[in-house]
Amino acid sequence: MTVQEMKIAGDDLTTRDINRKIKDGLNNEIRRFEIESNAELDSIVVGIREEAEFILNGKFGDFIGALNHGPRIEINGKTGRYVGNNMTAGEIVVHGDADDGVGFGTYNGTIVVHGDAGDGIGQLNKGGIIIIDGDIGDLAGLYMLSGDLIITGDSGEDTGDWIIGGNIYVGGDFDGGTNTRIVEMEDSDIRKLAALFEHYSIEASPDEFKKIQRKEIRPFYG
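Residues numbered from 1 in each chain as written. Predicted model: local features only at pLDDT ≥ 70, side-chain atom pairs only at ≥ 80, totals over all residues. Heavy atoms only, no water.

A word on the packing of aromatic side chains
Operational definition: The rule is short: rings of Phe, Tyr and Trp, with Trp giving its six-membered ring, pair when the centres are within 6.5 Å, and they are stacked under 30 degrees, edge-to-face over 60, tilted in between. Elements are defined by DSSP. Helices are runs of H or I of four residues or more, strands are runs of E of two residues or more, and each kind is numbered from the N terminus. A 1.4 Å probe rolled over the protein chains alone gives each residue an accessible area, and that area as a share of the maximum for its type sets the label: buried under 20%, exposed over 50%, partly exposed in between. We call a charge positioned over a ring when the NZ of a Lys or the CZ of an Arg lies within 6 Å of the ring centre and within 35 degrees of the ring normal.
Evaluation of the coordinates by the stated rule reveals four aromatic pairs. With a centroid separation of 4.9 Å and 10 degrees between ring planes, the pair formed by Phe33 and Phe54 is classed as stacked. Separated by 21 residues along the polypeptide, Phe33 in strand β2 (residues 32–37) and Phe54 in strand β3 (residues 53–58) bring together distant segments of the chain. Using a relative accessible area of 0% as the deciding quantity, one classes Phe54 as buried. Each ring, one from Tyr82 and one from Phe104, has its centre 5.9 Å from the other, and the planes form 85 degrees; the classification is edge-to-face. One end of the pair, Tyr82, is in the loop between β4 (69–76) and β5 (89–95); the other, Phe104, is in the loop between β5 and β6 (110–113), and 22 residues separate them in sequence. Taking the relative accessible area as the measure of exposure, Phe104 reaches 24% and is therefore partly exposed. In this arrangement the basic side chain of Lys126 is found over the ring face of Tyr107, its NZ or CZ atom lying 4.6 Å from the centre.

Below you can see the structure in the form of structure tokens.
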């Protein structure tokens, strides 16, 4: 069956314009959208529950792909803060840099950034896989509960600060935060990273990564 497609383009379009066209398209069984904009609009492609594909070309603002459950988003260009905020399922792949807060509060799904990102990556991650193929800023994985945060480059200060669960893998340099410890990479970790790197065309050697986990199960109460 041929998948119906919709192209949405124009820097004069507002966030409401674009999201309304998407909603109308989904109601008419369109499952592939190509969106072109350089207006750096916030909150594009949010709250989508259907399995659909979105290709975004240009420059985009904050909260792209927030609160989604199912769609796949590919962003060819820079995106702002909190891409994939609180998503519960689906996939986001960014071919460019991202700002602060990638994957904040993510419940499930996968976010991949082929570029650098800012501060606060993967904060309050509850089960998602977040991969940054580049360098990031400070406070990655703050209060992280579950899931995997993978950084192929350098991470900043207080990486994993107050981490409660999940795994943080760093290929470069980093400064660990409160309640973190470095643990030995197991064969299952190396196989997991190798499979993800092959799937997302990331050139990195899994056996050179450091693995960070929590030190105490109840860091706040002793």
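What follows picks up the thread again.
Brief notes about the pattern of salt bridges
Between side chains of opposite charge, a pair can form as their charged atoms come close. What counts is decided by this rule: For salt bridges, the criterion is a side-chain nitrogen of Lys or Arg within 4 Å of an Asp or Glu carboxyl oxygen.
Under the counting rule described, the total for this entry stands at ten salt bridges. Across the salt bridge formed by Arg31 and Glu29, the nearest N and O atoms sit 3.5 Å from each other. Among the charged side chains, a network of salt bridges with common partners joins Glu5, Arg32, Glu53, Arg72, Glu74 and Glu91.

Points about a negative patch on the surface
Inclusion rule: A patch is a set of surface residues, each over 30% in relative accessible area and not in a salt bridge, joined within 9 Å for like charges and within 5 Å for the nonpolar side chains Val, Leu, Ile, Met, Phe, Trp and Tyr. The protein chains shown are the only cover counted for residues, whose accessible areas, like all others here, come from Shrake-Rupley with a 1.4 Å probe. Asp and Glu count as negative and Lys and Arg as positive, but His and the ends of the chain are not part of the count. Working definition for charges: the position is that of NZ of Lys, CZ of Arg, CG of Asp or CD of Glu.
A contiguous patch of negative charge, built from Asp97, Asp116, Asp135, Asp154 and Asp173, is present on the exposed surface. Within the secondary structure, Asp135 sits in the loop between β7 (126–132) and β8 (146–151).

Regarding the sheet that holds strand β1 (residues 5–9)
Hydrogen bonds between backbone groups are what pair the strands of a sheet, and the pairing can be parallel or antiparallel. Put simply, the test is: A pair of strands counts as paired when DSSP detects no fewer than two bridges linking them. Helix axes are fitted to C-alpha atoms over the stretch in contact, other axes to C-alpha atoms as well, and angles between N-to-C directions run from 0 to 180 degrees.
Spatial strand order, β1-β2-β3-β4-β5-β6-β7-β8-β9-β11-β10: eleven strands in an open sheet with mixed pairing. At either margin of the open sheet sits one strand with a lone partner, and together these are β1 and β10 (180–183). The average undirected angle you get between the axes of adjacent strands in this sheet is 15 degrees. As defined by bridge partners, β3 adjoins β4 across five bridges and the pair is classed as parallel. Residue Phe54 lies in a different strand from β4, and its bridge partner there is Ile73.

Some thoughts on the side chain of Thr180
As a reminder, the rule being used: Polar contact criterion, stated in full: a pair of N or O atoms within 3.5 Å, where within protein one must be able to donate a hydrogen and the other to accept it, and residues adjacent in sequence count only if both atoms are side-chain atoms. The contact rule is simple, with two residues in contact once any of their heavy atoms fall within 4.5 Å.
Mapping Thr180 onto the fold places it in strand β10. At 2.7 Å, the side chain of Thr180 and the backbone oxygen of Gly177 are in polar contact. In this structure, Thr180 is in contact with Thr159, Gly160, Asp161, Ile163, Ile212, Gln213 and Lys215, ignoring residues within four places of it in sequence.

Remarks on the UniProt feature "domain: Glutamate synthase alpha subunit C-terminal" (unreviewed entry) in the chain
Formally: UniProt positions are given in the numbering used here, feature names are shortened, and annotations may be inferred rather than shown by experiment.
Within this numbering scheme, the UniProt entry marks residues 15–186 as carrying the feature "domain: Glutamate synthase alpha subunit C-terminal" (unreviewed entry). When the span residues 15–186 is considered, its composition is 8% helix and 30% strand, and the gap between its end C-alpha atoms is 45 Å.

Examining the pairing of β7
With four bridges connecting them, β6 and β7 associate as parallel partners. Bridge assignment links Thr110 to a residue of β7, and that residue is Ile129. Direction of pairing for β7 relative to β8: parallel, over a ladder of five bridges. When the bridges of β8 are listed, Ile129 appears paired with Asp148.

With respect to helix α1 (residues 15–27)
Heads up, the rule is: The span one expects for a helix is its residue count, reduced by one, times 1.5 Å. Comment: arc refers to directions from the helix axis out to C-beta atoms.
The end-to-end C-alpha distance of α1 is 18 Å, a good match for the 18 Å that 13 residues give at a rise of 1.5 Å each. Ile18, Ile22, Gly25 and Leu26 are the residues of α1 that are buried. The arc that holds the buried residues of α1, viewed along the axis, is 100 degrees, so those residues lie on one side. Exposed positions of α1 whose direction lies more than 90 degrees from the buried face are Arg16, Lys23 and Asn27. Along its buried surface, α1 packs onto β1, β2 and β3.

Comments concerning the nonpolar core
Basically, it comes down to this: Joining through side-chain atoms within 4.5 Å is the link that ties buried Ala, Val, Leu, Ile, Met, Phe, Trp, Tyr and Cys residues into a set, and such a set is a nonpolar core.
Of all hydrophobic cores here, the largest spans 40 residues; its most connected members are Ile22, Phe54, Leu56 and Val102. When residues of this core are assigned to their parent elements, the largest contribution, three residues, is made by α1. The contact partners of Leu56, leaving out residues within four places of it in the chain, are Ile35, Ile44, Val45, Ile64, Ile73, Glu74, Ile75 and Asn76. In this structure, Val93, Met185, Leu196 and Phe197 belong to the second largest nonpolar core, which totals twelve residues.

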